[in-house]
Amino acid sequence: MGLAHHVFNEVELFSLFSRRDWTGVIVPSCLFAAGPALTLPLNVALPRCLFVVAWTCLYLYAFNLANQSLGDIVEDRINKPHRPIPSGRVSLRGARARCAVVWALFLSTALFYRTIWRENLTHLVISLFLVRTRAGGHWIGKNVVGISLLGAVMLSAPRKIMMGTSLVGSQTMTTTTTTTAAGTVLMGTENDVVAICVWLALSYHVQDFRDQAGDKAVGRSTLPIAFGDVPARLVYTFVFMPVGLAVVCAWGPGGDAPWLVAAMHAFVGYRLLAFHDKDADDWTYKILLYIFCVLAALGSVRYLRSAALSSSVEATMRGWGRGEELRNWLALGVASPGF
């Protein structure tokens, strides 16, 4: 009974620390990894899927514990008093102890999939940058640098786990590998990751409009504080968001459903200009997270389409007895248009 109580308590704490961020981390990470999962045999895909879910949960919990226990508690008391520490659900000391344990567990996942050690280390460095440095509170450091790099981590690592290979080659960031035993083609997806990360760098400023009171109290310089509330809304709606939309549609997965993605962006812009209260800004941010999930899902659609095309090319070339030429094409990425 005692053990069950402790386990339930820890699961509840994970939910309290992280549940508002599931749509922004766990869901898009898993959606982006779904493409490779659907090309694998069930006995291969299932354990990798479970590992991806565990990795993303540790990724999110580790960051939130660091952010909420090592950062400035004053901000949470103003912006998010419902969180476990300001609400008294857990002590600061207890949160920091859990922070150390969860980070150790997160970093140890690289022992099972060695190709993700760069992502794990980057997550640690960027988390400390955002939580412990003044630059991490500036709109450039926070979103343009920090959030974009964290986005690269949370998309790249699950794909590597599902693909069972590295997205990074010795000469280029894009690799293409054929695994005939599993009947699947594993392809690098650098373009999608980079495009989404640029989109994150430009679009995630929307989260800061709801948190202005607490950010001012701790001396942060987010976009609405640096530019002023109304000018920042105009700059975001008519400069940042259109550029991010153009990038993710021209070079990323948004190009597979441009009208849908553009319509969702237009709705975010309308809300940001029409409604200026904190609750409305919170909902506007949630809609942006839904766009993130759509882009991640479209990334998997692109993967599946390219995998099907590569499989067709492979079958045709083998039928012609040109296996060596096929391997050369794959090495050059010719059989992977769009990647």
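Residues numbered from 1 in each chain as written. Predicted model: local features only at pLDDT ≥ 70, side-chain atom pairs only at ≥ 80, totals over all residues. Heavy atoms only, no water.

The protein chain is annotated in an unreviewed UniProt entry as UbiA prenyltransferase of Purpureocillium takamizusanense. Turning to the protein chain, the UniProt record has this under Subcellular location (unreviewed entry): "Membrane". (UniProt positions renumbered as here; feature names shortened; annotations may be inferred.)

Peer 1: Outline the state of the cysteines, listing residues and values.
Peer 2: Put plainly, two cysteines are in a disulfide when a covalent bond ties their sulfur atoms together. One pass over the structure, following the stated rule, counts zero disulfides. Sulfur of C30: no disulfide; nearest cysteine sulfur belongs to C57 and is 7.5 Å away. C30 gets classed as partly exposed once you look at its relative accessible area, which sits at 24%. (Disulfide = S-S within 2.5 Å. Buried < 20%, exposed > 50% of the residue type's maximum accessible area, 1.4 Å probe, protein only.)

Peer 1: Quick rundown of the packing of helix α3 (residues 42–70) against helix α8 (residues 139–163)? Include the residues and the values.
Peer 2: Viewed as axis vectors pointing N to C, α3 and α8 meet at an angle of 160 degrees, and their least axial separation amounts to 9 Å. Between α3 and α8, the interaxial angle falls into the category roughly antiparallel. For the pair α3 and α8, the sense of crossing is right-handed. The segment α3 lies against α8, with A45, R48, C49, F51, V52, W55, T56, Y59 and F63 engaging L150, V153, M154, A157, P158, I161, M162 and M163. Tallied by class, the residues present in the contact of α3 with α8 amount to 15 nonpolar, one polar and one charged. (Axes fitted to C-alpha atoms, helices over the stretch in contact; angles between N-to-C directions. Helix = DSSP H or I, 4+ residues; strand = E, 2+ residues; numbered from the N terminus. Parallel < 35°, antiparallel > 145°, perpendicular 65-115°, else oblique. Left-handed = near helix turned anticlockwise from the far one by under 90°. Contact = heavy atoms within 4.5 Å. Nonpolar A, V, L, I, M, F, W, Y, C, P; charged D, E, K, R; others polar.)

Peer 1: How would you explain the packing of aromatic side chains if you had to name every residue and give the values?
Peer 2: Following the criterion strictly, the structure yields 15 aromatic pairs and no others. Taken together, a centroid distance of 5.7 Å and an interplanar angle of 90 degrees make the contact between W103 and F106 edge-to-face. Taken together, the residues span about one helical turn, with W103 and F106 both in helix α6 (residues 92–108) at a distance of three residues. The pair W103 / F106 is uniform in exposure class, with both members buried. Both rings, one in Y204 and one in Y285, keep their centres 5.9 Å apart while their planes meet at 85 degrees; by these two values the pair is edge-to-face. With Y204 in the loop between α9 (190–203) and α10 (212–217) and Y285 in helix α14 (residues 278–319), the pair connects residues that are 81 residues apart, well separated along the chain. The class of Y204 is buried, set by a relative accessible area of 7%. (Phe/Tyr/Trp six-rings, centres within 6.5 Å; stacked < 30°, edge-to-face > 60°.)

Peer 1: Give me the packing of α3 against helix α7 (residues 117–132): which residues, what numbers.
Peer 2: It is at 9 Å that the axes of α3 and α7 come closest, and there the two elements cross at 25 degrees. It follows that α3 is roughly parallel to α7 by the angle criterion. Pair α3 / α7 crosses with right-handed handedness. Listed contacts from α7 to W55, Y59, F63, A66, N67 and L70 of α3 are N120, H123, S127, L130, V131 and R132. Residues that form the contact of α3 with α7 fall into these classes: seven nonpolar, four polar and one charged.

Peer 1: Please give an account of the environment of L155 that cites residues and values.
Peer 2: Mapping L155 onto the fold places it in helix α8. Exposure remark for L155: the relative accessible area of 0% places this residue in the buried category. Along the chain, L155 and A33 lie 122 residues apart, while their C-alpha atoms are 7.7 Å from each other. Setting aside residues up to four positions removed in sequence, L155 forms contacts with P28, F32, V193, I196 and F292.

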